[in-house]
Amino acid sequence: MAVARSIWGSKSKFAFTATSLAAAGAGAVAIAKSDDPATSVKIYTTLPLRLFRLSLTAATIAFDYEYSLLGLPEDSIERTRIKHQVHTRSAHRLEQLCFKNGGIYIKLGQYIGQLEYLVPQEYINTLRESMLNRCPTSSYDQVCQVVMKELGGTPEEIFDEFDPVPIASASLAQVHVARTHQGEKVAVKVQHMHMTDTAAADYATVELIVNTLHWLFPSFDYRWLVDEVRNSLPKELDFLIEAKNSIRCMDNFRRLSPHIADYVYAPTVYWNLSTTKVLTMEFVDGAQVNDLKSIQNLGIAPHDIARLVSHTFAEMMFKHGFVHCDAHAANLLVRAMPSDKRRIFGRRKPQLVLLDHGLYKELDISTRTNYAALWKALVLADANAIKENCLKLGSGEDLYALFAGILTMRPWDRVIDPAVDHLAMQGSTSDQLELQMYASLYFPQITELLNKLPRVILLMLKTNDCLRAVNNTLVQRPSVESFIIIGRVSSEALIDEKLLHAKSLFSLLRIWLEEVSLEARFGIMQVALWMLQFRRVFTLWTGKHYTKSLAYI
């Protein structure tokens, strides 16, 4: 024990010194580049406190795991009980750190809260909702300062009306409702003050702390997560990039997915009222995608929305190669189709409104094709094709089955089961327990896999996790319909790619026959799924009536 303390002491002193120097260096560069050096100096006086909080939290969590579990047998009930307590304590410590330091820390907390395949469930339960719904807000005075600097006037001067109370707040910005002088209702996204000033130093400190923890505890390896934040954060802090992303996204649907383009929408950007730190958009009134009560009040069936969400993101991943990678519920609104006056069987058609276009990833043709081929193989339970395409994406011979499991959240024996519902989540409680067990058992292998995969695939995994959470909320029963949609769209994308390279009539005929065969196969799967769902409903109905009959006997 004394030796461990000694090693920790020498290593941690060196790491803390290095972290401090890195933070100071990043701070000096940011101050030199700042438009307002005096204010930046004032801000950077808070960095030692932020660094201290980060270092203390990281050290406390690391030691809590190291010593609370010391000497407890690996498979004992006592170790499981203590580990649950440590997970819970550590998750709350991390949550407090994110809220106190704000900015990039909340962004990291959001990432961690979506990694069901990697972190214990206690972290998911603690971080997922709080990081999305309890983000701190900037004061109205701070909002006025940002608007004045960016647009050259106070909110009251630039807009005819401006609500000082934000309707939403996120890690990097908050949104206010306003009305232009032309009478148009708009949503104004205002970046939290000094985000760009503190981001460089915050990133440097987080990076060194994560590297230090990996050095002290090799099984703790979240360096890939920090790398991803480093690459994506500068783009998310530039709202003009976000605006351009929304334009490109809608253009892709019109050009490449015209059959679904009318059902997907992004708010119109007001370019004359937008800068890198203020983004003014059309105000769209809709229900959040996980607000079932509001959705039903709109006359829209939740399972219609689940199908539309799956179809929308499958088109982006497999056909566009330009993917919205922040698809949590707060960024997805639903409204009835504006042109839809009619109701079919009492239902209205949904339109999906995509918000927050700051985080997109591009898939090159090779990655997009391999990823589509992998998903097609997963849906069709083709073990050989699953392995082949996992290897093409970099999983390695020893980790391809784990990769398939992370994508589908099913164990390997279920992934390759030819049953039509082989990818369905059979029961929420048992599934969660199973996933927790796998995450704990294969933590080192999962970490190794995530370090092997291309960075863009890590963002696809994050997007899959977000979409899975949305789908589970909308369809509160075992379902594989979203997987069938993914299988269809991925197959269509592969057929389209083959048609581009077809050089003879024979090639075209062969591709056409393949397309007909796949369409027939997915059609059979869909019919089998309907029959399975009917049988489940009928079994439930007969069970209830049998129970009632017994009550009268």
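In what follows, the structure referred to is the one given above.
Thresholds, definitions, all that
Sequence order as written defines residue numbering, which begins from 1 separately in each chain. Totals for whole chains, interfaces and linings use all residues, but because this is a predicted model, local features are given only for residues with pLDDT of at least 70 and pairs of side-chain atoms are given and counted only at 80 or more. As a rule here, side-chain values cover all heavy atoms of the structure and leave hydrogens and water aside. Secondary structure counts use DSSP, requiring at least four H or I residues in a row for a helix and at least two E residues in a row for a strand, with both numbered from the N terminus. In this scheme, a residue with accessible area under 20% of its type's maximum is buried, one over 50% is exposed, and one in between is partly exposed, where area comes from a 1.4 Å probe on protein chains only. Working definition of accessibility: Shrake-Rupley area with a 1.4 Å probe, residue cover restricted to the visible protein chains. Here, axes are lines fitted to C-alpha atoms. For helices the fit covers the stretch in contact, and angles between N-to-C directions go from 0 to 180 degrees. Note on angle classes: values under 35 degrees are labelled roughly parallel, values over 145 roughly antiparallel, values of 65 to 115 roughly perpendicular, and the remainder oblique. Working rule for contacts: check all heavy atoms of both residues, and any pair within 4.5 Å makes them a contact. Under this grouping Gly is polar, as are all residues other than the nonpolar Ala, Val, Leu, Ile, Met, Phe, Trp, Tyr, Cys and Pro and the charged Asp, Glu, Lys and Arg. Two strands are counted as paired when DSSP detects at least two bridges linking them. Residue types Ala, Val, Leu, Ile, Met, Phe, Trp, Tyr and Cys, when buried and joined through side-chain atoms within 4.5 Å, form a set referred to as a nonpolar core. The criterion for a disulfide is a pair of cysteine sulfur atoms lying within 2.5 Å. Only residues whose relative accessible area exceeds 30% and that form no salt bridge are eligible for patches; like-charged ones are grouped when within 9 Å, while nonpolar side chains (Val, Leu, Ile, Met, Phe, Trp, Tyr) are grouped when within 5 Å. Any Lys or Arg side-chain nitrogen located within 4 Å of an Asp or Glu carboxyl oxygen qualifies as a salt bridge. Pairing of aromatic rings covers Phe, Tyr and Trp, the last through its six-membered ring, and needs centres within 6.5 Å; plane angles under 30 degrees mean stacked, over 60 mean edge-to-face, and all others mean tilted. Here, over-ring charges are defined by two tests on the NZ atom of lysine or the CZ atom of arginine: distance to the ring centre within 6 Å, and angle to the ring normal within 35 degrees. Two N or O atoms form a polar contact when they lie within 3.5 Å of each other; inside protein one atom must be a possible hydrogen donor and the other a possible acceptor, and for residues adjacent in sequence the pair counts only when both atoms belong to side chains.

With that out of the way, let us pick up the overall build of the chain. Regarding its fold elements, the chain presents 23 helices and eleven strands. Looking at the 553 residues of the chain, the share that counts as buried comes to 52%. For the chain, the accessible area works out to roughly 26200 Å², and carbon and sulfur atoms hold 60% of it.

What follows covers the packing of helix α10 (residues 223-236) against helix α21 (residues 455-474). In the contact formed by α10 and α21, the axes pass within 11 Å of each other and the chain directions differ by 95°. With respect to their mutual orientation, α10 and α21 come out roughly perpendicular. Together, W224, D227 and E228 of α10 and R455, L458 and L459 of α21 make up the contact between the two elements. Among the residues forming the contact of α10 with α21, the class breakdown is three nonpolar, no polar and three charged.

A few words now on the sheet that holds strand β9 (residues 332-336). Within the open sheet, the four strands sit side by side as β5-β10-β9-β7. Their pairing is mixed. Each of the sheet's edge strands pairs with one partner strand only, and the pair in question is β5 (264-265) and β7 (287-288). The sheet contact formed by β7 and β9 spans two bridges and is antiparallel. Residue pairing across strands places Q288 opposite L333, the latter belonging to β9.

Let's shift gears to the nonpolar core. Counting residues in hydrophobic clusters, the biggest one holds 122 residues, and the most contacted among them are F318, Y371 and F403. Per-element accounting of this core gives the leading share, ten residues, to α21. Residue contacts for F318: discarding those within four places in its chain leaves R368, Y371, A372, W375, I486, V489, S490 and A493. One finds I158, A178, V190 and Y270 within the second-largest nonpolar core, a separate group that totals 14 residues.

Counting across every chain of the model gives zero disulfides. Distance from the sulfur of C98, which forms no disulfide, to the nearest cysteine sulfur (C135) is 9.8 Å.

What follows is about a nonpolar patch on the surface. A contiguous nonpolar patch, built from L509, W512, L513 and V516 and spanning about 390 Å² of accessible area, is present on the exposed surface. Position of L513 among the secondary structure elements: in helix α23 (residues 505-552). In this structure L513 comes out as partly exposed when scored by relative accessible area, which is 47%.

Okay, the pairing of strand β3 (residues 173-179) next. In terms of burial, β3 is a largely internal element, six of the seven residues being buried. Two strands pair when backbone bridges link them, and strand β1 (residues 161-162) and β3 are joined in this way by two bridges, in the antiparallel orientation. In the strand pairing of β3, E161 is matched with R179. In this sheet, β3 lies alongside strand β2 (residues 168-169) in antiparallel orientation, the contact comprising two bridges. Residue S169 lies in a different strand from β3, and its bridge partner there is Q174. As paired strands, β3 and strand β4 (residues 185-191) are joined by seven bridges and run antiparallel to one another.

Time to look at the packing of aromatic side chains. This model, assessed by the stated rule, comprises seven aromatic pairs. When the ring of F159 is compared with that of F162, the centres are 5.7 Å apart and the planes differ by 40°; the resulting orientation is tilted. Each member of the pair F159 and F162 is classed as buried. Here the aromatic residues Y140, F159 and F162 are joined through ring pairs into a cluster of three or more. Lying over the aromatic face of F322, R248 brings its terminal NZ or CZ to 3.9 Å of the ring centre. Positioned over the ring face of Y265 is R335, at 4.8 Å from the centre of the ring.

Turning our eyes to something else, we now look at the pairing of strand β6 (residues 278-282). For a regular strand, side-chain orientation follows a simple rule: the groups alternate between the two sheet faces. Within β6, four of the five residues are buried, which leaves the element mostly enclosed by the surrounding structure. Summarising the sheet, β4 and β6 pair through five bridges and their orientation is antiparallel. For V186, the partnering residue across the bridge sits in β6 and is E282.

Here we take up the side chain of S257. If you trace the backbone, S257 turns up in the loop between α11 (239-256) and α12 (258-261). There is a polar contact of 2.6 Å between the side chain of S257 and the side chain of E315. Of the polar contacts made by the side chain of S257, one reaches the side chain of H320; its length is 2.8 Å. Once residues within four sequence positions are removed from consideration, S257 is found in contact with N252, E315, K319 and H320.

Let's shift gears to the environment of L352. One can find L352 in strand β10 (residues 350-354). On the accessibility criterion, L352 (1% relative accessible area) is buried. Not counting the four nearest positions on each side in its chain, L352 is found in contact with Y263, V264, Y265, L308, V309, T312, L332, L333 and V334.

Its place among the elements puts D356 in the loop between β10 and β11 (360-362). Once residues within four sequence positions are removed from consideration, D356 is found in contact with K189, E242, H324, D326 and N331. Side-chain polar atoms of D356 contact the side chain of K189, separated by 3.4 Å.

Non-glycine residue A381 carries a positive phi angle of around 55°. Structurally, A381 is set in the loop between α15 (365-379) and α16 (383-392). The class for A381 is buried, based on a relative accessible area of 17%. Backbone geometry at M409 places phi at a positive 60°, although glycine is not the residue there. With relative accessibility at 2%, the residue M409 sits in the buried group.

This next bit is on the pattern of salt bridges. Two side chains of opposite charge can pair, provided their charged atoms sit close to one another. As enumerated under the stated definition, the model contains 24 salt bridges in all. Taking the shortest distance from any N to any O, the salt bridge between E161 and R179 comes out at 3.9 Å. Highlighted residues: E161 in strand β1 and R179 in strand β3, separated in sequence by 18 residues. Notably, a salt bridge pairs E242 with K189, separated by 2.9 Å at the nearest N-O pair. Taken together, the residues span a long stretch of sequence, with E242 in helix α11 and K189 in strand β4 at a distance of 53 residues. Residue classification places K189 among the buried residues on the basis of a relative accessible area of 11%. In this structure, a network of salt bridges that share partners links the residues D64, R89 and R93.

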